[in-house]
Amino acid sequence: TYLCANLDGGVWLMLGCCGIPAHWSGRASLFQETLQAFQTEVGRLGKPTIITACSSCLSVFQEFTPDLNTISLWELLDTLQLPESAYKPDHPLTLHDPCTARDQRALRESVRSLCTKLGINVVEHDFSGEMVDCCGYGGLMQYANRPLGQKAVAQKANRSELDGLAYCAMCRDN
């Protein structure tokens, strides 16, 4: 509703997957099939700008479908007037960058800018920004080596006693 009210031309919702789990698991044909299906649907819709909430999807589309116009939801929100009802915690939060945002400086800066605009006191730890590590989901670590995936989750989660703020669904779930 917020995006529809603040963007010209309407907003469509596409549910599905960019294919990165297939890419991570080495299933090249499934990855290409998934990407091709997505590109076909986007083409059918007239090639609108793709707004991704997921840094993994953003990285996949930028690397493998450079002809598509993509932007992070967080970068887009940073350009808009935020609603008065936006959540504003009364305590500091530890920010957890996703590993796929490691090379996406504009995305990371937009998340921090949004936090500032919302009055969220963000506490950074040593492994953030370009030095961010994986929560255990990237590369399907949890499935390829469950003990290692659990260790990655615990290590990232235990960096702070504060509540965490994640802008990746996989990091949040972990």
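The structure we're discussing is the one just above.
Residues numbered from 1 in each chain as written. Predicted model: local features only at pLDDT ≥ 70, side-chain atom pairs only at ≥ 80, totals over all residues. Heavy atoms only, no water.

A few points about unusual backbone geometry
Then step 1. Residues other than glycine seldom take positive phi values, yet Lys47 does so here, at roughly 55°.
Then step 2. Here Lys47 is to be found in the loop between helix 3 (28-44) and strand 1 (50-52).
Then step 3. The exposure class assigned to Lys47 is partly exposed, which follows from its relative accessible area of 46%. (Helix = DSSP H or I, 4+ residues; strand = E, 2+ residues; numbered from the N terminus. Buried < 20%, exposed > 50% of the residue type's maximum accessible area, 1.4 Å probe, protein only.)

Thoughts on the environment of Asp67
Then step 1. Mapping Asp67 onto the fold places it in the loop between helix 4 (55-64) and strand 2 (70-72).
Then step 2. Other than its neighbours up to four places away in sequence, Asp67 contacts Gln39 and Lys47. (Contact = heavy atoms within 4.5 Å.)

Some points on the pattern of salt bridges
Then step 1. One pass over the full model with this rule turns up nine salt bridges.
Then step 2. Close ionic contact of Glu124 with Arg112 constitutes a salt bridge, the shortest N to O distance being 2.7 Å. On the criterion of sequence distance, the pair formed by Glu124 in the loop between strand 4 (122-123) and helix 7 (141-144) and Arg112 in helix 6 (residues 105-118) is long-range, its members being twelve residues apart.
Then step 3. Taken together, the shared-partner salt bridges connect Asp97, Arg112 and Glu124 into one network. (Salt bridge = Lys/Arg side-chain N within 4 Å of Asp/Glu carboxyl O.)

Some details on the packing of helix 3 against helix 4
Pairs of packed helices are described in terms of their axes, by the angle between the two and the distance that separates them.
Then step 1. It is the contact of helix 3 with helix 4, at a shortest axis distance of 12 Å, that shows an interaxial angle of 90°. By the angle between their axes, helix 3 is roughly perpendicular relative to helix 4. Seen from helix 3, the contacting residues are Phe31, Leu35 and Phe38; seen from helix 4, they are Val60, Phe61 and Phe64.
Then step 2. Within the contact of helix 3 with helix 4, the residues separate by chemical class into six nonpolar, no polar and no charged. (Axes fitted to C-alpha atoms, helices over the stretch in contact; angles between N-to-C directions. Parallel < 35°, antiparallel > 145°, perpendicular 65-115°, else oblique. Nonpolar A, V, L, I, M, F, W, Y, C, P; charged D, E, K, R; others polar.)

Considerations on the sheet that holds strand 4
Then step 1. Within the open sheet, the three strands sit side by side as 4-3-5. Their pairing is parallel. Edge positions in the sheet fall to strand 4 and strand 5 (164-166), since each of these pairs with one other strand and no more. (Pairing = 2+ DSSP bridges.)

Points about the state of the cysteines
Then step 1. Per the stated rule, a full pass over the model turns up zero disulfides.
Then step 2. As a non-bridged cysteine, Cys17 has Cys18 as the owner of its nearest cysteine sulfur, 4.9 Å distant.
Then step 3. The partly exposed category is assigned to Cys17, whose relative accessible area is 42%. (Disulfide = S-S within 2.5 Å.)

Examining the environment of Pro83
Then step 1. One can find Pro83 in the loop between helix 5 (73-77) and strand 3 (93-96).
Then step 2. The class of Pro83 is partly exposed, set by a relative accessible area of 32%.
Then step 3. Between the C-alpha atoms of Pro83 and Ser29, which are 54 residues apart in sequence, the distance is 43 Å.

Some words on the packing of aromatic side chains
Each aromatic ring pair is characterised by the separation of its centres together with the angle its planes make.
Then step 1. What the rule picks out here adds up to four aromatic pairs.
Then step 2. Taking 6.2 Å as the distance between ring centres and 65° as the angle between the ring planes, the aromatic pair formed by Trp24 and Tyr137 counts as edge-to-face. Pair noted here: Trp24 is in helix 2 (residues 20-24) and Tyr137 is in the loop between strand 4 and helix 7, with a separation of 113 residues, a long-range link.
Then step 3. Between the aromatic rings of Phe38 and Phe61, the centroid separation amounts to 4.5 Å while the plane-to-plane angle is 15°, which identifies the pairing as stacked. Of this pair, Phe38 sits in helix 3 while Phe61 sits in helix 4, and the two are 23 residues apart along the sequence. Phe61 shares its class with Phe38; the two are buried.
Then step 4. Put simply, the rings of Trp24, Tyr137 and Tyr143 pair up and form one aromatic cluster. (Phe/Tyr/Trp six-rings, centres within 6.5 Å; stacked < 30°, edge-to-face > 60°.)

Brief notes about the side chain of Asp78
Then step 1. Tracing the backbone through its elements, the reader meets Asp78 in the loop between helix 5 and strand 3.
Then step 2. Taking the relative accessible area as the measure of exposure, Asp78 reaches 18% and is therefore buried.
Then step 3. Only 2.7 Å separates the side chain of Asp78 from the side chain of Ser113, close enough to count as a polar contact.
Then step 4. Sequence-distant contacts of Asp78, defined by excluding residues within four places in its chain, comprise Ser110, Ser113, Leu114 and Lys117. (Polar contact = N/O pair within 3.5 Å; in protein donor to acceptor, adjacent residues only side chain to side chain.)

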